[in-house]
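Listed below are the residues making up each chain.
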Amino acid sequence: MSARATVDDLQAGTNASGSVTGLGHLARAGEIDVSHGPILYLEAVTVMFDGFKALDDLTLSIDEGELRCVIGPNGAGKTTMMDVVTGKTRPTRGKVFLGQTMDLSKMDEPSIARAGIGRKFQKPTVFSQHPVWENLELAMNTRKDWWASLRARFDRQAQRQVEEVLCMLRLESEAYRLAGDLSHGQKQRLEIGMLLMQQPRLLLLDEPVAGMTDHETMELAGLLARLKGSCSIVVVEHDMDFVAALAGETGRVTVMAEGRVLAEGTLASVRADEAVIESYLGR
Amino acid sequence: MAYRQVLDEAAPQWQKDRRERGAQAGTLPAGSDGPARFELALPERPALLGRRAWIALAVLVAAVGVGVPLCALVLPAGHPLHLSAYGMTLVGKLMCYAIAALALDLVWGYCGILSLGHGLFFALGGYAMGMYLMRSIGRDGHYQSDLPDFMVFLDWKELPWFWHGTEHFAYALLLVILVPAAVAWVFGFFAFRSRVKGVYLSIITQAMTFAAMLLFFRNETGFGGNNGFTDFKRILGFGITQPETRTVLFLTTFAALVLSFLAARAVVTSKLGRVATGIRDAESRLMFLGYSPLGYKLFIWTLSAVLCGIAGALYVPQVGIINPSEMSPVNSIEMAIWVAVGGRGTLFGPIVGAFAVNGAKSVFTTHFAEYWLFFLGAIFVLVPLFLPRGIVGLLRRGRAGDAA
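Note that the structure is a prediction, hence the values are computed from the model and not measured.

Time to look at the overall build of chain A. Assigned secondary structure in chain A consists of eleven helices and ten strands. Within chain A, buried positions represent 48% of all 283 residues. The contacts in chain A between residues at least 6 apart in sequence include a share of 66% that link residues at least 24 apart.

The structure is reproduced here in structure tokens:
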């Protein structure tokens with residue numbers, strides 16, 4: 001049990017109700033402390049699978065409000081990195097922190113999600129036997145324990161939230177259809193919508209445009225542009241044009257290879273990097 | 001491709017569109033970001049049953065409540081509509097099976113946990129009730145002792161500690177609920193916390209009921225060994241074979257079935273029910289949304305065990321015997337067949353399935369007993385092939401076909 005402590009447990013103690021910490025600022029239970037800039041901080045993270053190093057001394061930090069693109073060849077450890085952040089895989093060594101105070105390597109998946117990290121899978125994962133509106137209702141940012149769910153009412157305010165997201169996704173006409181009957185692109189959008197309902201502080205997107213048509217990609221790009229600014233986003237992507245569009249002139253791009261950060265900087269600078277050209281982009 | 005351009009244009013286009021559509025619908029002025037145009041208009045909680053279903057249920061309750069006492073007690077034995085003791089016991093037994101099937105469907109059909117050990121919870125409820133029935137035999141047993149006959153036979157001088165208090169009916173009822181609940185909770189806590197799933201969990205549940213059966217077979221365990229409990233004389237002071245007592249037991253079982261159905265309905269129509277089906281379909285998605293499946297699984301699992309225990313407690317006084325063979329793996333597997341035949345993931349299905357399979361079993365075992373197992377085997381093979389959604393699924397498809 002001790003390894004699976006909740007957010008509240010970790011935050012309880014001296015600063016449980018908002019006392020001043022030694023760092024001279026306020027820390028509240030369950031709140032992400034981004035006073036030093038980074039919302040996500042990985043330090044020297046190593047993940048070993050039967051002797052194979054999926055992540056090798058990876059150090060990465062994402063600033064509050066940033067949109068970061070992570071690129072790299074297959075097997076570079078991009079998805080493993082997301083697994084480590086979301087609690088699916090435990091790091092063999094190293095530290096993973098959300099803000100200044102939350103040690104993600106000591107939390108399980110649900111508590112990490114409740115702490116404010118949303119994750120989109122490579123393959124769209126929705127509740128196929130639930131109507132679209134129920135998918136969004138389930139994702140809503142409320143209490144998630146069984147007792148609260150047993151007594152939960154889908155009140156007007158909650159319905160309003162679902163309606164707004166449905167409009168944003170342009171899925172109004174599909175509201176009562178089973179999510180399993182939607183097209184691939186509609187499922188992708190629904191999953192993004194579920195993340196919106198979750199109101200995350202940090203959003204991890206694993207190859208969001210994989211298998212999408214140009215039209216669907218366009219719609220997704222629109223949605224992401226809408227999200228930018230409201231939360232920090234990490235996008236793992238293969239499609240260089242899409243990365244170029246998301247990162248723009250100034251956005252930071254991280255190139256990963258063999259479980260390590262190969263280069264970091266603007267897209268133009270990493271494109272010019274010798275090591276990157278050698279291992280990934282090719283000449 | 002110039003995605004950058006797309007990115008710049010997509011969001012404004014989206015907003016423009018929405019504003020235009022809003023203006024057309026007349027709900028918000030053009031150029032402002034007003035409230036959403038689309039409305040869900042769903043009830044805060046879905047109705048427990050539709051209007052017609054409530055009426056049908058009320059008619060059924062009235063028919064059984066008046067009809068059964070009339071047919072069993074008022075009409076003379078020679079009357080064609082007379083309900084014999086055999087008939088009443090048979091239907092009463094089927095209703096107990098239906099409650100158990102409903103309970104199993106809650107965990108299997110709605111939460112994706114296939115238990116092949118629900119026979120244990122059924123038997124535990126039955127044993128708890130059986131203890132009370134054994135104590136209420138009093139000195140009317142074979143050995144005319146205060147102790148149950150099997151204890152005298154084993155030359156025990158006093159009641160084991162866990163038999164204390166079982167002479168009180170209320171305490172026995174408490175045990176009927178608490179013992180299956182406690183066993184299920186402890187088993188479930190360790191199994192679900194370790195994230196045991198799918199076929200592995202099914203095997204462990206099977207092992208659980210098998211181990212319990214071996215334990216109850218032992219005389220030293222204090223539950224009558226392989227003979228179990230039988231020769232009950234009375235319940236709450238009334239003769240257990242009296243037609244009046246049988247009628248009351250029948251009606252109690254019917255009430256328990258209706259209430260279990262409504263309780264299950266309340267659970268599956270709540271948000272908890274929707275989360276449970278989410279666990280069944282995409283557990284990891286649910287975890288990454290912040291739900292911890294442990295509490296949900298434990299709640300449904302324990303509730304299911306309690307319902308099963310109640311079914312067992314109602315079964316024992318009507319059938320007149322409880323022994324460890326109720327915990328045999330085959331019994332638990334048969335329960336899964338009832339649910340599969342009726343249609344899992346519906347609440348009506350398991351009830352239909354329990355009646356259909358056991359009805360067929362009664363017919364077969366009285367008329368051509370040697371073919372029953374062949375028939376059961378045929379069901380095992382044919383239902384998944386031709387009726388993947390069970391009898392209820394077939395009925396629904398038929399109705400949908402009519403409408404089209």
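After that view of the structure, there is still more to cover.
We now examine the sheet that holds strand 8 (residues 232-236) of chain A. All names here are of chain A. Taking strand neighbours across the sheet as the criterion, the six strands line up as 6-7-8-3-9-10 in an open arrangement whose pairing is mixed. Edge strands, defined here as strands with exactly one partner in the open sheet, are strand 6 (117-120) and strand 10 (260-266). Strand-to-strand twist of the sheet, defined as the mean angle between neighbouring strand axes without regard to direction, takes the value 20°. Here strand 3 (residues 67-71) runs beside strand 8; their pairing, made up of four bridges, is parallel. Of the residues in strand 8, the one forming a bridge with Cys69 is Val235. Packed on one face of the sheet, helix 9 (residues 240-247) meets strand 3, strand 8 and strand 9 (252-257) and runs near 160° to strand 3.

Counting from both sides, the interface comprises 47 residues of chain A and, opposite them, 36 residues of chain B. Where the side of chain A that touches chain B is concerned, the elements lending two or more residues are helix 3 (109-115), helix 4 (132-139), helix 5 (146-151), helix 6 (156-169), helix 7 (184-198), helix 8 (214-227) and helix 9 of chain A.

Right, let's talk about the nonpolar core for a bit. The biggest cluster of nonpolar side chains holds 171 residues, and the ones touching the most others in it are Ala98, Ile99, Ala100, Ala101, Leu102 and Ala311 of chain B. Once residues lying within four places of it in the same chain are set aside, the contact partners of Ala101 of chain B are Met335, Trp338, Val339, Gly342, Pro350, Ile351, Gly353 and Ala354 of chain B.

Our focus in this paragraph is the packing of helix 4 (residues 118-135) of chain B against helix 6 (residues 169-193) of chain B. Residues and elements named next belong to chain B. Contact pair helix 4 / helix 6: the axes reach a minimum separation of 8 Å and the direction vectors enclose 155°. Taken together, the axis directions place helix 4 and helix 6 in an arrangement best described as roughly antiparallel. The way helix 4 lies across helix 6 gives a crossing that is right-handed. Contacts from Phe121, Leu124, Gly125, Ala128, Met129, Met131 and Tyr132 of helix 4 reach helix 6 at Phe169, Ala172, Leu175, Val176, Val179, Pro180, Val183 and Ala184. Of the residues that constitute the contact of helix 4 with helix 6, the class distribution is 14 nonpolar, one polar and no charged.

This part covers the pairing of strand 1 (residues 38-49) of chain A. Residues and elements named next belong to chain A. For strand 1 and strand 2 (residues 52-63), the ladder comprises eight bridges, and the chain directions are antiparallel. Bridging across to strand 2, Phe49 finds its partner in Phe52. Hairpin remark: strand 1 followed by strand 2, antiparallel, with two residues in the connecting loop; positive phi at Asp50, about 50°.

Residues and elements named next belong to chain B. In this fold, Leu73 is placed in helix 2 (residues 51-74). Residue Leu73 is classed as partly exposed on the basis of its C-beta count, with 13 C-beta atoms lying within 10 Å. Each C-alpha atom of the pair Leu73 and Arg135 lies 28 Å from the other, and the pair is 62 residues apart in sequence. Leu73 has contacts with Pro243, Glu244 and Thr247, leaving out every residue within four places of it along the chain.

Next up on the list: the sheet that holds strand 4 (residues 93-98) of chain A. Residue and element names in this part refer to chain A. Read across the open sheet, the four strands follow the order 2-1-4-5; overall the sheet is antiparallel. Edge positions in the sheet fall to strand 2 and strand 5 (102-103), since each of these pairs with one other strand and no more. Taken together, the two bridges between strand 4 and strand 5 define a ladder with antiparallel strand orientation. Residue pairing for strand 5: Phe97 is matched across the bridge by Asp103.

Time to look at unusual backbone geometry. With the exception of glycine, the majority of residues adopt a negative phi angle, and the majority of peptide bonds are in the trans configuration. Residue and element names in this part refer to chain B. Positive phi outside glycine occurs at Gln144, with the angle close to 50°. Position of Gln144 relative to the elements: it lies in the loop between helix 4 and helix 5 (149-153). A residue is classified by how many C-beta atoms lie within 10 Å of it, and Gln144, with 10 of them, is exposed. A positive phi angle, close to 60°, is found at Arg195, a residue other than glycine. Assignment of secondary structure puts Arg195 in the loop between helix 6 and helix 7 (198-217).

Residue and element names in this part refer to chain B. Scored by pLDDT, chain B comes out at a mean of 88, with 90% of its residues at no less than 70. When the criterion is pLDDT under 50, residues 1-34 qualifies, and its contacts beyond four places in sequence or with other chains add up to 42 contacts. Taken together, the chains of this predicted complex give a pTM of 0.87 and an interface ipTM of 0.83.

Cut-offs applied
- Residues numbered from 1 in each chain as written.
- Chains lettered and ligands numbered in written order.
- Predicted model: local features only at pLDDT ≥ 70, side-chain atom pairs only at ≥ 80, totals over all residues.
- Helix = DSSP H or I, 4+ residues; strand = E, 2+ residues; numbered from the N terminus.
- Buried ≥ 20, exposed ≤ 12 C-beta atoms within 10 Å, placed from the backbone.
- Contact = placed C-beta atoms within 7 Å.
- Pairing = 2+ DSSP bridges.
- Axes fitted to C-alpha atoms, helices over the stretch in contact; angles between N-to-C directions.
- Core = buried A, V, L, I, M, F, W, Y, C linked by C-beta atoms within 7 Å.
- Parallel < 35°, antiparallel > 145°, perpendicular 65-115°, else oblique.
- Left-handed = near helix turned anticlockwise from the far one by under 90°.
- Nonpolar A, V, L, I, M, F, W, Y, C, P; charged D, E, K, R; others polar.
- pLDDT = per-residue confidence, 0-100.

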